[in-house]
Amino acid sequence: MKKNMLFWSLLCALVFGFGSSAMAQSKALQKDIKKRVKQLEKEGWKLQASTQTLTYAVTKYRTYLEEDPENRIEIVGVAEGINEKTRDNAVANGVSNYASRAAVQVIGKLKTLFAQDAAAGQEIDKFGSAYEIGVNTRIKALVKQHFILVKTEKDGKKLFNAFLSIDESQARKAREEAARDAAEKAKLTDLSEKVKEFIGEPVPAE
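We now turn to the structure provided with this report. (Residues numbered from 1 in each chain as written. Predicted model: local features only at pLDDT ≥ 70, side-chain atom pairs only at ≥ 80, totals over all residues. Heavy atoms only, no water.)

**Looking at the packing of aromatic side chains**
Here comes step 1: Across all of its chains, the model carries 4 aromatic pairs by this definition.
Here comes step 2: Arranged with centres 5.7 Å apart and planes meeting at 90°, the rings of Tyr61 and Phe147 form a pair that is edge-to-face. Separated by 86 residues along the polypeptide, Tyr61 in helix H2 (residues 54–67) and Phe147 in strand S3 (residues 144–152) bring together distant segments of the chain. The pair Tyr61 / Phe147 is uniform in exposure class, with both members buried.
Here comes step 3: A ring pair is formed by Phe147 and Phe163, whose centres lie 4.6 Å apart and whose planes are at 15°; its orientation type is stacked. (Phe/Tyr/Trp six-rings, centres within 6.5 Å; stacked < 30°, edge-to-face > 60°. Helix = DSSP H or I, 4+ residues; strand = E, 2+ residues; numbered from the N terminus. Buried < 20%, exposed > 50% of the residue type's maximum accessible area, 1.4 Å probe, protein only.)

See the structure below:
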């Protein structure tokens, strides 16, 4: 009898403890979203071509990312122009920034590892350039577009802010393919194993 009571006591503690933790996280997220939306509205940002409210769009986006933080990586792109088509440039900017960060992450680690090898340094530079282009090309189709914000400046120019995300498991495959092609173009030899190791590391959000 005592064992049963102890079991149910522990179970209740776990269930309600988890519930309290989740509720606290939810409240913290809601508070952060409210603060973020207030800031965006104060700066003059509005949803572009959408019937949603800004609060709903930001909440949906943040909730989506929080549901799987290890695999759902945030990407943000910006662009400036005079018409609505500039939104495409904002998306392209986000993709380009991700590819650039992916290349910088790998190149930096490789150069640190082979700091005393001048020949390796040249190989790394060639690899990095080809790798960045390869990643940029491959992840375009993998990026998920959530919403785009726009605001008009006093001179009439429009600023666009694209909120995107990418699934890390898919992005990793794209980076691996880009690395294989880049290694062939750069005639990478001794660095191949280290490249595989570094490519597997997630590219952090900007």
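Moving on, there is more to tell.
**Some thoughts on the sheet that holds strand S4 (residues 158–167)**
Here comes step 1: Read across the open sheet, the 4 strands follow the order S1-S3-S4-S2; overall the sheet is antiparallel. The open sheet has two edge strands, strand S1 (46–47) and strand S2 (72–81), and neither has a second partner.
Here comes step 2: Alignment of S1 against S3, held across 2 bridges, turns out to be antiparallel. Looking across to S3, one finds that Leu47 is bridged to Leu149.
Here comes step 3: Of the strands in this sheet, S2, S3 and S4 touch helix H3 (residues 86–113), which is tilted by about 130° from S2. (Pairing = 2+ DSSP bridges. Contact = heavy atoms within 4.5 Å. Axes fitted to C-alpha atoms, helices over the stretch in contact; angles between N-to-C directions.)

**Regarding the environment of Val104**
Here comes step 1: Along the chain, the position of Val104 falls in helix H3.
Here comes step 2: Between the C-alpha atom of Val104 and that of Val203, which follows or precedes it by 99 residues, the distance is 9.8 Å.

**Considering the pairing of S2**
Here comes step 1: Of the two faces of S2, the one lined by Ile73, Ile75, Gly77, Ala79 and Gly81 is fully buried and the one lined by Arg72, Glu74, Val76, Val78 and Glu80 carries no buried residue.
Here comes step 2: The pairing of S2 with S4 spans 10 bridges and is antiparallel. Residue pairing in the sheet places Val76 in a bridge with Phe163 of S4.

**Quick notes on the pattern of salt bridges**
Here comes step 1: Summed over all chains, the structure comprises 9 salt bridges.
Here comes step 2: Among the salt bridges present, the one from Asp32 reaches Arg62, with a minimum N-O distance of 2.7 Å. One end of the pair, Asp32, is in helix H1 (residues 2–42); the other, Arg62, is in helix H2, with 30 residues separating them in the sequence.
Here comes step 3: Between Arg172 and Glu168 there is a salt bridge; the shortest N-O distance is 3.8 Å. Note that Arg172 and Glu168 are positioned in helix H5 (residues 168–185) at a spacing of 4 residues, about one turn of the helix.
Here comes step 4: A residue is classified by how much of its surface remains accessible, and Arg172, at 30% relative accessible area, is partly exposed. (Salt bridge = Lys/Arg side-chain N within 4 Å of Asp/Glu carboxyl O.)

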